Amino acid sequence: MASKSSIERDNVILVLQGGGALGAYQAGVFEALSENGFTPGWIAGISIGAINGAIIAGNRPEDRIKKLRGFWERVSSGVLGVPLIGDGHHRTLFNEASALSSLAFGVQGFFRPRFPSPVFMAADGPTSVSYYSTEPLAATLNELVDFDYLNRAGPRLSVGAVNIATGNLTFFDKDKEKLQPEHIMASGALPPGLPAVKIGSDYYWDGGLVSNTPLQYVLDETSDPQKFIFQVDLFSARGPVPGNLLEAAEREKEIRYSSRTRFNTDMAAKRIEYRAALARLLRKLPAALQGDADARLLTEIGEEPAVTIVHLIYRERTYETQARDYEFSRVSVEEHWEQGRKDALTTLSDDKLKSCMPPKPGVTVLDLTKK
């Protein structure tokens, strides 16, 4: 297992994808990482990843797991358990019923239905154009996140949201501004279910509408050539060809929310390869050219990077459907949490990971739980 001395704290980065109820998987991953000395110096999140990230960054290390537990127990309190019916068709029916309960009655501590329904009411501005109100989430964040600690002493936190007017992905970053509950809520404001959030004079929706994974932001926003990134994804890019309409809806969602992950990882690897090649080429220049203005300029971007990206990807169970990201039953939340913990422990025990500490020159991409 890794020790805190294995990797410099500020070079450990936690990248958290969006995915609603599946976010309990990220909490399980973090629990295993923290128990084994991987304390992130930087957390970047989208949607539920922003919420998990805020809870982690907004609490002292000894309180983080307890606060994460508090959040996931609260949002899963509507449907607590399941009879011992196995993991086949009956479990699928249970999960579907639980998801329908979330749609009908909301999720405690997260969102509640608007009454009367906005279908029958005139809109009262952009923040009311949604089926649900997120006032419960605002109260939950204020209770579970110490925003004073987050902005003063916690690890760096960056959360992504989409500016509705421009369509551009914006990152609210602790290193650039003071973060408040509205920044976290904006990152998870998925329309038309959840309302837009006003920040300054602009309105924002869920960052997953543009990119569900903030990996590119992390790679672009730091000049440190050595990075060790745990990227926790809640949708897998790979999956079977669908055989019916429900499977088609499920596969469409997986592709939509995982495609930018594949694209960003591939592009990051290629860019890092180019930077490494440039660094090697500059070292081969004769002394007479090394003082040239163009050579000096290229040297600033040509430092040979060493980046390790460790994928931890939730892979759905056979009885789960396209509703799994809004299925908040206690049994499913606990399963997701335990699966995240198990996958992280498997990854941390793998010799391939240990060989990349510290990261090797170039880019190394690992997925050590792939079946």
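Summarised in this report is the structure supplied together with it. No experiment lies behind these values; they were computed from the predicted model shown. Within each chain, residues carry numbers counting from 1 in the order of the written sequence. Note on the predicted model: pLDDT of at least 70 is required for a residue's local features to be given, and 80 or more for side-chain atom pairs to be given and counted; whole-chain, interface and lining totals, by contrast, use all residues. Excluding hydrogens and water, the side-chain values take into account all heavy atoms of the structure.

Remarks on the overall build of the protein chain
Under the DSSP-based scheme used, a helix requires at least four consecutive residues in state H or I and a strand at least two consecutive residues in state E, with every element numbered from the N terminus. Each helix and strand counted, the protein chain has 13 helices and eleven strands in total. Taken over the C-alpha atoms alone, the protein chain extends approximately 75 × 50 × 45 Å along its principal axes. Relative accessibility thresholds used throughout: buried, under 20% of the residue-type maximum; exposed, over 50%; partly exposed, between the two (1.4 Å probe, protein chains only). In the protein chain, which comprises 371 residues, the proportion classed as buried is 53%. Residue contacts follow a heavy-atom distance rule, with two residues in contact if any of their heavy atoms lie within 4.5 Å. Counting contacts in the protein chain only where the partners sit at least 6 residues apart, residues at least 24 apart contribute 75% of the total. Note that accessible areas follow from Shrake-Rupley with a 1.4 Å probe, and for residues the cover is restricted to the protein chains shown. Carbon and sulfur atoms make up 55% of the accessible area of the protein chain, which totals about 17000 Å².

Notes on the pairing of strand β9 (residues 226-233)
For β9, a buried count of seven out of eight residues is recorded, marking the element as mostly surrounded by other parts of the structure. Sheet topology places β9 next to strand β10 (residues 306-313); eight bridges connect them, and they run parallel. Looking across to β10, one finds that I229 is bridged to I309. Two strands form a pair only when DSSP identifies at least two bridges running between them.

Things to note about the nonpolar core
Remark: nonpolar core denotes a set of buried residues (Ala, Val, Leu, Ile, Met, Phe, Trp, Tyr, Cys) joined through side-chain atoms within 4.5 Å. Counting 67 residues, the largest nonpolar core has F71, W72, F110 and F230 as the members making the most contacts within it. Setting aside residues up to four positions removed in sequence, F71 forms contacts with I48, I51, I55, F110, L137, T140 and L144. The next biggest cluster of nonpolar side chains, apart from the first, holds 15 residues, and it includes I13, I46, V218 and I229.

Examining helix α5 (residues 135-144)
By the burial criterion, the buried members of α5 are P136, L137, T140, L141 and L144. For α5, the angular spread of buried residues about the axis comes to 135°, placing them on one side. α5 presents E135 and N142 as exposed residues on the side facing more than 90 degrees away from its buried surface. In this structure, the buried residues of α5 make contact with α2 (48-57), α3 (64-75), β3 (112-113), β4 (132-133), α6 (147-152) and α7 (181-187). Arc, as used here, means the arc of the directions from the helix axis to the C-beta atoms.

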